[in-house]
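Chains, contacts and geometry: an overview
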Amino acid sequence: MPRRQRQPPPPPPAVEERLFKKAVQPLNPEATAAPKAATSHAEDESPMERTNKQHSPYWHWIPAAFALSGIIVFIFATYGPPASSSGFVSTLKGLLAWAAPDYVAAKAHYKAIPGPGSWLFAFALGMAIGGFIAGRTSKDIPVRDMPPIWKRRFGDSRAKRYGATFLGGFLILFGSRLAGGCTLGLFISGSTQLAISGLYFGVIIFAVAMLTARLLFGKVVQQEESQ
Amino acid sequence: MTMIWLGLFSGIAFGFVVQRVGATDAHKMARSHLMLDADIPRFMLLAVALSAVGLFGLQSAGVGRVLPLPTSIVATGLAAVIFGIGWGLTGYCPGTTWAAAGEGRMDAVFALLGGLAGAALFAHLHETLVPLFYDPTNVGQITLTDLFGNQAIAVTMLVVVFGLCIWGIGTLWKNS
C-alpha cells in the first residue's frame, strides 16, 4: 500500500512490471549500458570504497550481526532452533492435505514436519512479510529481478535466469531436506548449538558455492580485473 | 496460537534484517562467493558466534529448547554439495528465498517454486534415500561439547575459530 502513495500510478503495464516497478527503474540504465555497469561495478572494488562506505545502502555487517543474533537467541528462548527449509515442507503439506490427504498421511517426511498451522510455516511467511516491508521501506537497496553479474555473463534473457533459479531452488531444497536443514536450520542453528552437523554442512556449502560461483562468473571477474 | 504469532514476529524481524544487510540480493551474494564482498560471510559468522554465546547464556539460565541435528557423514556431506551448487547458482538459500520473494525479486519467486518442487521430490523419496544415504553413516547428535568435554570451553573454541575465519575473510576477500 505505501508504495502506491509514493509513486504516481503508471499506465497498467504487465503484472510483473506493475508489482516490481521499483525494481525495473534502477535496473534499466544499468542493463542498457553495459560499459556503464562495468564502470560502476569497478568502483565498488576500488580503494575509494572505504571512503564511500557511508553511501552504501546496506547496514554495516557488525551491527546487523548483533541484531540477527538477538533475534536468533529470542527464537531459541521462545520456540527452539530456527529453521526455514521446513517451511517449504509445511507449505506442501498444507497444499497436499487438500489434494491428496492419504498420500500425506502415509509419507514419513510429511509426518515429521507440522503443517501450515505451525511456528515453522508462520516463520517462513514472516520472512516473506519482513522482506516485503524492508523492500518497501528502503529507497536505496535495489530490488532487481536479475543480478547484474548474471546479466553480464548470461545476457538479458529472463527465461534463462528464472530457469536457473528454479533449478537452483530445487537443488537447495532437495539438499536441505536430505541433510535435515538449510543455511539457517542446519548451519546457523546447528553451529549455535555447537552441533558438528552444522559446522560440517557449513564448511562444504561455502566451499562448493564459492567453486560454483567461480565456474559460472569467473570470466566476468577476469574481464573486470584486466580493465 | 501463541506459537504462530511468535513465529510470524520472529520471521518478520529476521526477514527485515537479512534484507537490510543485503543477503537477499543475489548480486551481493554472488560477489561474496567470488571473494569480492566480505560483508555477508562475516555477518553470518559473527551472528553465529554471538548467538552461540547468547544460547550458552540461555542454557545456563535454564531457558530455551535445543535440538542439535544428527551428523550423517555421507548424507550431510552429499546434501551440502548439492546445496552448495544451488546456492552458487542462484545466490539464494531457503530463508533468503522467502524474504527476497516478498521483497519482489522475480528470480527468487522462481527459486521458491523450484524449492517447493525439490522438497516435494525429496519427501516422495524419503523412504528410499534416508535408509540409503543417511542412516548407515549417522553418528548421532554429536556436538563440540562432546569433543571438548565442557560446554564453556566448546563455546570459547567456536568463538575463537569463527573470529579467525572472520579475520581471514577480511584479509582474503577483496572489498573489505
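Residue numbers restart at each chain and count upward from 1, following the sequence in its written direction. As they are written, the chains are lettered A onward and the ligands numbered 1 onward, keeping that order. Per-residue local features are limited, in this predicted model, to residues with pLDDT of at least 70; the limit for side-chain atom pairs, both in listing and counting, is 80 or more; totals at the level of whole chains, interfaces and linings are taken over all residues. In computing side-chain values, all of the structure's heavy atoms are included and hydrogens and water are not.

A separate point is the overall build of chain B. Helix and strand definitions here come from DSSP, where helices need a minimum of 4 consecutive H or I residues and strands a minimum of 2 consecutive E residues; each element is numbered from the N-terminal end. When helices and strands are counted, chain B shows eight helices and zero strands. The order of helices and strands in chain B, counted from the N terminus, is α-α-α-α-α-α-α-α. For chain B, the spread of C-alpha atoms along the principal axes amounts to about 45 × 45 × 40 Å. With a 1.4 Å probe rolled over the protein chains alone, any residue whose accessible area is under 20% of its type maximum counts as buried; one over 50% counts as exposed, and the rest are partly exposed. Residues classed as buried in chain B amount to 57% of the 176 residues present. The sign given to each residue is positive for Lys and Arg and negative for Asp and Glu; His and the chain ends receive no count. Positions of charges follow a simple convention, taking NZ of Lys, CZ of Arg, CG of Asp or CD of Glu. Within chain B, the 8 negative side-chain charges are centred at a point lying 12 Å from the centre of the 7 positive side-chain charges.

With that out of the way, let us pick up the interface of chain A and chain B. Many analyses report the size of an interface as the accessible area lost when the parts associate. In this assembly, 122 residues from chain A lie in contact with 118 residues from chain B. When two parts are brought into contact, each loses some accessible area as probed by a 1.4 Å sphere; the total of that loss over both is the buried area. When chain A packs against chain B, close to 11,000 Å² is buried across both sides, 75% of that on carbon and sulfur atoms. A per-residue breakdown of the area chain A buries against chain B is headed by A:Trp61, A:Leu178 and A:Leu194, which together make up 8% of the total. Here, a salt bridge means any side-chain nitrogen of Lys or Arg that lies within 4 Å of a carboxyl oxygen of Asp or Glu. Along the contact surface separating chain A from chain B lie three salt bridges. Contacts are assigned to residue pairs that have any heavy atoms within 4.5 Å of one another.

Packed helix pairs are characterised by how far apart their axes lie and by the angle those axes make with each other. All names here are of chain A. Fitted lines through C-alpha atoms give the axes, limited to the stretch in contact for helices. The angle between two N-to-C directions lies from 0 to 180 degrees. Where helix H7 (residues 85–99) meets helix H12 (residues 158–179), the axes come as close as 9 Å, and the angle between the chain directions of the two elements is 100°. Put simply, H7 runs roughly perpendicular to H12. Each of Ser85, Ser86, Phe88 and Val89 in H7 lies in contact with H12, whose residues at this interface are Leu173, Ser176 and Arg177. When residues are sorted by character, Ala, Val, Leu, Ile, Met, Phe, Trp, Tyr, Cys and Pro go into the nonpolar class, Asp, Glu, Lys and Arg into the charged class, and all the rest, Gly among them, into the polar class. Per-class residue counts for the contact of H7 with H12 are three nonpolar, three polar and one charged. Comment on the angle field: the value is read as roughly parallel under 35 degrees, roughly antiparallel over 145, roughly perpendicular from 65 to 115, and oblique elsewhere.

What follows is about the pattern of salt bridges. Taken as a whole, this structure holds 10 salt bridges over all chains when the rule is applied. Of the charged contacts, one joins B:Asp39 and B:Lys28 as a salt bridge, the two residues approaching to 3.4 Å between their closest N and O atoms. Of the two residues, B:Asp39 is situated in helix H3 (residues 39–60) and B:Lys28 in helix H2 (residues 26–33); the sequence distance between them amounts to 11 residues. When its relative accessible area of 7% is taken as the criterion, B:Lys28 is described as buried. The closest approach of N and O atoms between B:Glu103 and B:Arg105, which form a salt bridge, is 3.0 Å. What emerges from the salt-bridge pattern is a single network uniting A:Arg144, B:Asp25, B:Glu103 and B:Arg105.

Before going further, it helps to examine helix H13 (residues 183–192) of chain A. Taking burial as the measure, the 10 residues of H13(A) include 10 buried ones, the bulk of the element. If you check which residues of H13(A) are buried, you get A:Thr183, A:Leu184, A:Gly185, A:Leu186, A:Phe187, A:Ile188, A:Ser189, A:Gly190, A:Ser191 and A:Thr192.

Let us look at the confidence of the model for chain B. Residue-level confidence of the predictor, termed pLDDT, takes values from 0 up to 100. With 99% of its residues at a pLDDT of 70 or more, chain B shows a mean pLDDT of 96. Here the complex is predicted with pTM 0.86, and the ipTM for its interfaces comes to 0.97.

Residue and element names in this part refer to chain B. On the surface, a cluster of nonpolar side chains totalling about 430 Å² of accessible area is made up of Leu147, Phe148, Ile153, Met157 and Val161. No other element matches helix H8 (residues 151–172), which puts three residues into the nonpolar patch. Position of phenylalanine 148 relative to the elements: it lies in helix H7 (residues 144–148). Residue classification places phenylalanine 148 among the partly exposed residues on the basis of a relative accessible area of 35%. The patch calculation keeps residues exceeding 30% relative accessible area without a salt bridge and links them within 9 Å when they carry like charges or within 5 Å when they are nonpolar (Val, Leu, Ile, Met, Phe, Trp, Tyr). All accessible areas in this document rest on Shrake-Rupley with a 1.4 Å probe, and a residue is counted as covered only by the protein chains that are shown.

On to the nonpolar core, then. Throughout, nonpolar core names a set of buried Ala, Val, Leu, Ile, Met, Phe, Trp, Tyr and Cys residues whose side chains join them through atoms within 4.5 Å. Residues A:Phe187, A:Phe201, B:Phe14, B:Phe43 and B:Trp87 are the most contacted members of the largest nonpolar core, which totals 86 residues. If one sorts the elements of this core by residue count, H3(B) sits on top with 11 residues. Ignoring sequence-local partners within four residues, the contact set of A:Phe201 consists of A:Ala179, A:Gly181, A:Cys182, A:Thr183, A:Leu186, A:Phe187, B:Thr76, B:Ala79, B:Ala80 and B:Phe83. Formed by 13 residues, the second largest nonpolar core is a distinct cluster that contains A:Ile149, A:Leu216, B:Ala30 and B:Leu89.

Expected helix span is taken as 1.5 Å per residue step, with the number of steps being one fewer than the number of residues. The terminal C-alpha atoms of H7(A), which comprises 15 residues, lie 22 Å apart, in line with the 21 Å expected from a rise of 1.5 Å per residue. Considered for burial, the residues of H7(A) that qualify are A:Ser85, A:Ser86, A:Gly87, A:Phe88, A:Val89, A:Ser90, A:Thr91, A:Leu92 and A:Lys93. Taken together, the buried residues of H7(A) touch helix H8 (101–106), helix H9 (108–112), helix H10 (119–137) and H12 of chain A together with helix H5 (94–103) and helix H6 (106–134) of chain B.

Stacked, edge-to-face and tilted are the three classes for Phe, Tyr and Trp ring pairs, Trp counted by its six-membered ring, which pair at centre distances within 6.5 Å; planes under 30 degrees apart are stacked, over 60 edge-to-face, the rest tilted. Applying the stated criterion to the full structure yields 18 aromatic pairs over all chains. Between the aromatic rings of A:Phe74 and B:Phe9, the centroid separation amounts to 5.7 Å while the plane-to-plane angle is 75°, which identifies the pairing as edge-to-face. Taken together, the residues span two chains, with A:Phe74 in helix H6 (residues 61–78) and B:Phe9 in helix H1 (residues 2–21). We classify A:Phe74 as partly exposed; its relative accessible area is 29%. Ring centres of A:Phe174 and B:Phe122 lie 5.6 Å apart, and the angle between their planes is 85°; this geometry places the pair in the edge-to-face category. Highlighted residues: A:Phe174 in helix H12 and B:Phe122 in helix H6, drawn from two different chains. Across the pair, exposure class does not vary: A:Phe174 and B:Phe122 are buried alike. Among the aromatic residues, those joined into a cluster by ring pairs are A:Phe187, A:Phe201, A:Phe206, B:Phe83, B:Trp87 and B:Phe162. Should the NZ of a Lys or the CZ of an Arg lie within 6 Å of a ring centre and within 35 degrees of the ring normal, that charge is described as sitting over the ring. Its guanidinium or amino end placed over the ring of A:Phe154, A:Arg153 lies 4.7 Å from that ring's centre, counting from NZ or CZ. In this structure, B:Arg65 is placed above the aromatic ring of A:Tyr79, and the distance from its NZ or CZ to the ring centre is 5.1 Å.

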